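Next come the chains, spelled out residue by residue.
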Amino acid sequence: MKTLVIIGYVWPEPKSSAAGSRMLQLIELFTKHVERIIFACPAELSEHALDLSSIQVELQHIALNCSSFDDWLASVDPQWVMFDRFMMEEQFGWRAEQTCPDALRILDMEDVHSLRHARHHAVKQGRELQPEDWFNEQTFREIASILRCDVTFVISEAEMTWLGEHFPIPASHLCYVPFMVSDKTPAIETETPAIETETPALRASLPTFEQRQHFLAIGNFRHAPNWDSVLELKRLWPDIRQQLQKQGINGVELHICGAYPPPKATQLHQPKDGFLIKGWIDDAQQTLANARVLLAPLRFG
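Keep in mind that what you see is a predicted model, and the values were worked out from it rather than measured.

(A) Inspection of the nonpolar core at higher detail. Judged by nonpolar contacts, the single largest core of 32 residues is most densely connected at Ile7, Trp72, Phe83, Ile146 and Leu163. If you list the elements that add at least two residues to this core, you get β1 (3–7), β2 (36–41), α2 (68–76), β4 (80–84), α3 (86–99), α4 (113–124), α6 (137–148) and α7 (157–166). When sequence neighbours within four positions are dropped, the list of residues in contact with Leu163 reads Met109, Val112, Ile143, Ile146, Val154, Ile169 and Leu174. Met23, Cys41, Leu52 and Met82 belong to the second largest nonpolar core, which has 22 residues in total.

(B) Here's a closer look at the sheet that holds strand β11 (residues 293–294). An order of β10-β9-β8-β11 is seen for the 4 strands of this open sheet, with the pairing classed as parallel. Since the sheet does not close on itself, it has two edges, and those belong to β10 (275–279) and β11, each with one partner. Bridge count between strand β8 (residues 215–218) and strand β9 (residues 254–257): 4 bridges; the pairing is parallel. Its bridge partner lying in β9, Ile218 is registered against Cys257.

(C) Layout of the pattern of salt bridges. This structure, assessed with the given rule, holds 14 salt bridges. Its salt-bridge partner being Asp108, residue Arg22 comes within 3.1 Å of it at the nearest N-O pair. One end of the pair, Arg22, is in helix α1 (residues 18–31); the other, Asp108, is in strand β5 (residues 104–108), and 86 residues separate them in sequence. Residue class for Asp108 comes out buried when judged on its relative accessible area of 0%. The structure contains a network of salt bridges with shared partners spanning Asp228, Glu232, Arg235 and Arg299.

What counts, and where the lines are drawn
Residues numbered from 1 in each chain as written. Predicted model: local features only at pLDDT ≥ 70, side-chain atom pairs only at ≥ 80, totals over all residues. Heavy atoms only, no water. Core = buried A, V, L, I, M, F, W, Y, C linked by side-chain atoms within 4.5 Å. Buried < 20%, exposed > 50% of the residue type's maximum accessible area, 1.4 Å probe, protein only. Helix = DSSP H or I, 4+ residues; strand = E, 2+ residues; numbered from the N terminus. Contact = heavy atoms within 4.5 Å. Pairing = 2+ DSSP bridges. Salt bridge = Lys/Arg side-chain N within 4 Å of Asp/Glu carboxyl O.

Geometric descriptors of this kind do not, in isolation, establish any biological role.
Written out as structure tokens, the structure reads:
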């Protein structure tokens, strides 16, 4: 039986983060080519985690730094092992290589974490990104993880170019796998369908600009670039609102949505200023469809 084991950093939450949506897309893709998919993760299940059993994916809790993982993986004997982020490859990659040496090892980057880390470092110092920022401990760890795997999924063409130009990574090690969107019914019926592209029929079904209201920012609060963007919005919003008021546009609000808002975020909630921390939303696409303007001042994400 063709089997894929996915070693997850967290359990997929398609309604909480882009990473969760991305993982669901990959699972849908692999379902067409393998007979059995097992999602293994050392994290605790969260209330927003997708019910993987509803899409015929098996769940397996695994322990860090424990030989029980080796015994379990040997019993499964997968043909493919995919690591969700390089941190999972560091933790479990060597065990997978020893236990199932013939299995193809795949790294799904989700993000080039070292590049984001370098950009964050430059932002904190109030300066532009410099080439020397790239060469940090996290970069060496992430590149080493890429080189240990047979193939690495990269989500953006810009990141593909950056990796290829600055590091000795064979082109055969990198595979461009962008966000997968479709205007058709997804292969797996889930409560979180694939994102639709803007076809004429879809566009006609959306609210008109006149029917929409307010500004929107959306992103999981646990993601550092998103939290930084909230602080940027707090700084920028008074000027935006003032400019609108000068044009006779009053009562405009900024709705900031996303999973897991911490107390430091909810404390920024100021209805009288039109700055509203909404937190968790059930349907991101519907929320986007009802907003007039999306703001995303991401400085290092």
